[in-house]
Amino acid sequence: MARAKSNQPMLPFDDEASGPAELPEIKSLAEAAIAVQGCTRCSLYQFATQAVFGEGPAEASMMFVGEQPGDQEDLAGKPFVGPAGKVFDQALAAAGIDRDRVYVTNAVKHFKFQPRGKKRLHQRPNGGEIRACRFWLDLERAFVKPLVTVAMGATAVQSLLGSSATITSLRGAPTQLEDGSWVMVTIHPSYLLRMTDRGDVAAEREKFEGDLRAAKALEGKLAGAA
Ligand code: URA
């Protein structure tokens, strides 16, 4: 998969994406966070409240990538602040990772949903939407330059690795990207919310925490070697 070699990925990049062929040059993460609010690369901007950009230090050596903002994130303008965010926060704490020191973002920046009465039901982004939004993830990665990126769930895997392989088959072995950094794959925290068997939830939560510990250990090793 072609990765951003500089902080200004090529435009335009996708048949299914729409929007301007040129963007003003984006020179920092802060500028990207502003520019994303004008994104029309796919149709999701028409329905969401706002784009939800990543959050965290620009020099973070770990990045976490989820799928897309949910209902609460769409309203708050911040990633992982709803129910899945609580699961994520607990797992980070259990793994000894300080959320304030890592960069947290999503593969897709606008909430995709289906209105159902007063509710907005989450819908999974499609391949075109994921590819369209990779522009922003590439920018975030180009500015932050994480040593280790944790892909949480299938959408993040598809965006970062261009792969539709299962989480189970990719879990446990880091994959190196063209830029030399590493991607580790784990479940999306909302998977734990959807599970019904309490025993299974406890076991899966432990595995999730174990994946985060492994990512932290890899980051520590790479940072030590740098
Ligand atoms: N799910 C995600 O993938 N990201 C969020 O920010 C919230 C829920």
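Coordinates for the structure precede this section.
Residues numbered from 1 in each chain as written. Predicted model: local features only at pLDDT ≥ 70, side-chain atom pairs only at ≥ 80, totals over all residues. Heavy atoms only, no water.

**Student:** Break down the sheet that holds strand 7 (residues 182-186) for me, with residues and values.
**Tutor:** The strand order across the open sheet built from five strands is 2-1-5-7-6, with neighbouring strands paired in mixed fashion. Sheet topology places strand 2 (103-106) and strand 6 (175-176) at the edges, where each strand pairs with a single neighbour. Those strands touched by helix 5 (residues 154-161) are strand 1 (62-66), strand 5 (148-152), strand 6 and strand 7, and its axis lies near 135° from that of strand 5. (Pairing = 2+ DSSP bridges. Helix = DSSP H or I, 4+ residues; strand = E, 2+ residues; numbered from the N terminus. Contact = heavy atoms within 4.5 Å. Axes fitted to C-alpha atoms, helices over the stretch in contact; angles between N-to-C directions.)

**Student:** Any details on empty space enclosed by the protein? Residues and values, ideally.
**Tutor:** Enumeration over the complete set of coordinates arrives at one cavity of 30 Å³ or more. The space that makes up the largest cavity amounts to roughly 50 Å³. Residue lining of the largest cavity: Cys 39, Arg 41, Cys 42, Leu 44, Val 108, Lys 109, His 110, Ala 132, Cys 133 and Trp 136, and that is the complete set. Taken together, the residues of the lining of the largest cavity sort by class into seven nonpolar, one polar and two charged. (1 Å grid on protein atoms, 1.4 Å probe; cavity = no way out; pocket = protein on both sides within 12 Å on 5 of 7 lines; lining within 4 Å. Points joined across faces, edges and corners; volume = space filled by probe spheres on them. Nonpolar A, V, L, I, M, F, W, Y, C, P; charged D, E, K, R; others polar.)

**Student:** Account for the layout of surface pockets, with residues named and values stated.
**Tutor:** In this structure, the largest pocket occupies an estimated 750 Å³ of space. Taken together, 30 residues form the lining of the largest pocket, with Ala 84, His 122, His 188, Ser 190 and Arg 194 sitting closest to its centre. In terms of residues, the lining of the largest pocket owes the most to one element, helix 7 (residues 190-194), which gives four residues. Per-class residue counts for the lining of the largest pocket are twelve nonpolar, eleven polar and seven charged.

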